[in-house]
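# Survey of secondary and tertiary structure
One-letter residues, chain by chain:
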Amino acid sequence: MSGDHALEAVEIIAGYVPDLPILHGVSAHVDAGEVVSMIGPNGAGKSTLVKAIAGLVQISSGTVRLDGRDITGIVAHKLPADGVGYVPQIGNVFATLTIHENLIMGGAPLSKSAALERIEEIYEMYPTLKDKRHDKAGVLSGGQRQILAVARALLTRPRLMLLDEPTAGLSPMAAGAFFDLVRGLAEGGAAVLMVEQNAKAALRVSDRGYVLAEGQNRLEGFAAELLANEEIGEIFLGLRRGAAKPEASV
């Protein structure tokens, strides 16, 4: 890796239990203005990698760099101030708080005046949230919750956005709208690393992708190349080359 990337994760070994790693030397990088998808079968270590980068899983070996600066092992609550936004798969909004109160929470690393100014900018970006600013987050649809979760993460203007299974449980329409939002994040200059089970849909909005299996890098490349790669089916579904493919897609 060159050192010019927004995010560099180099030879990461990490897991939830000491001496029982889930990741076995995984490497990845993301550039500013780029969407990179991390795909692979269940249990491959995709979410573990994102959580390790986000400071939620202990890294026993390897290095994480943000714009060339070593952020390995920095605890999760300090990373927003360093330019990292993280949206977990579940529990990503405070359901009993209003939309506005959720955004206030996201602006905690900022001064009060800066947070309020930034919240107004967020409302202009996402008018749906502005219209519902006094509603409890718990009454939002799944897609609206995801928008709120991303909006809250954007309060600190992160250079890197980490998204863990962002379309899980969303309708196809809501998922499509969310992928459009993800593309917009990159067009705004952020580096976006996204973990997704909906591999084909994720790759269609990505610039590049990585395929993990059993905690290791298996494939990487431009998204269009991965979409056309028959080995993806082997990794996801255990297909043999030349074997009949089931109707279900990856």
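Procedures and definitions
Residues numbered from 1 in each chain as written. Predicted model: local features only at pLDDT ≥ 70, side-chain atom pairs only at ≥ 80, totals over all residues. Heavy atoms only, no water. Helix = DSSP H or I, 4+ residues; strand = E, 2+ residues; numbered from the N terminus. Rg over C-alpha atoms; globule rule 2.2 N^0.38 Å. Contact = heavy atoms within 4.5 Å. Areas by Shrake-Rupley, 256 points an atom, 1.4 Å probe, with all protein chains shown as cover. Lys, Arg positive; Asp, Glu negative; His and termini not counted. Charge placed at Lys NZ, Arg CZ, Asp CG, Glu CD. Buried < 20%, exposed > 50% of the residue type's maximum accessible area, 1.4 Å probe, protein only. Core = buried A, V, L, I, M, F, W, Y, C linked by side-chain atoms within 4.5 Å. Pairing = 2+ DSSP bridges. Axes fitted to C-alpha atoms, helices over the stretch in contact; angles between N-to-C directions.

## Describing the overall build of the chain
Within the chain one finds nine helices and ten strands. Radius of gyration (C-alpha) of the chain: 18 Å, near the 18 Å computed for a compact globule of 250 residues. Its C-alpha atoms give the chain principal-axis dimensions of about 60 × 40 × 30 Å. When contacts within the chain are restricted to residue pairs at least 6 apart in sequence, those whose partners lie at least 24 apart make up 63%. Of the roughly 11,900 Å² of accessible surface on the chain, 51% is carried by carbon and sulfur atoms. Seen as two clouds, the 23 positive and the 29 negative side-chain charges of the chain have centres 5 Å apart.

## Overview of helix H1 (residues 46-53)
For H1, a buried count of six out of eight residues is recorded, marking the element as mostly surrounded by other parts of the structure. Regarding H1, the residues found buried are Lys-46, Thr-48, Leu-49, Val-50, Ala-52 and Ile-53. Two residues or fewer past H1, Gly-55 is found with a positive phi of approximately 80°.

## Considerations on the nonpolar core
Among the nonpolar cores identified, the biggest contains 34 residues, and Leu-103, Tyr-126, Val-150, Met-161 and Leu-163 are the most heavily contacted of them. Among the elements that line this core, the one with the most residues is helix H6 (residues 172-187), at seven residues. Ala-54, Ile-59, Leu-162 and Leu-212 belong to the second largest nonpolar core, which has 31 residues in total.

## Side note on the pairing of strand S10 (residues 216-222)
Alignment of strand S9 (residues 208-213) against S10, held across six bridges, turns out to be antiparallel. By the bridge assignment for S10, Leu-212 is matched with Asn-217. The turn linking S9 back onto S10 is made up of two residues, and Glu-214 within it adopts a positive phi angle of 55°.

## Re the sheet that holds S10
Taken together, six strands build an open sheet; the order of strands is S6-S7-S8-S3-S9-S10 and the sheet is mixed. Strand pairing shows two members of the sheet lacking a second neighbour, strand S6 (84-87) and S10, which therefore form its edges. Between one strand and the next, the sheet's axes are offset by a mean angle of 15°, whatever the strand orientation. Bridge analysis of strand S7 (residues 160-164) against strand S8 (residues 191-195) gives five bridges, and the strand direction is parallel. In the strand pairing of S8, Leu-160 is matched with Ala-191.

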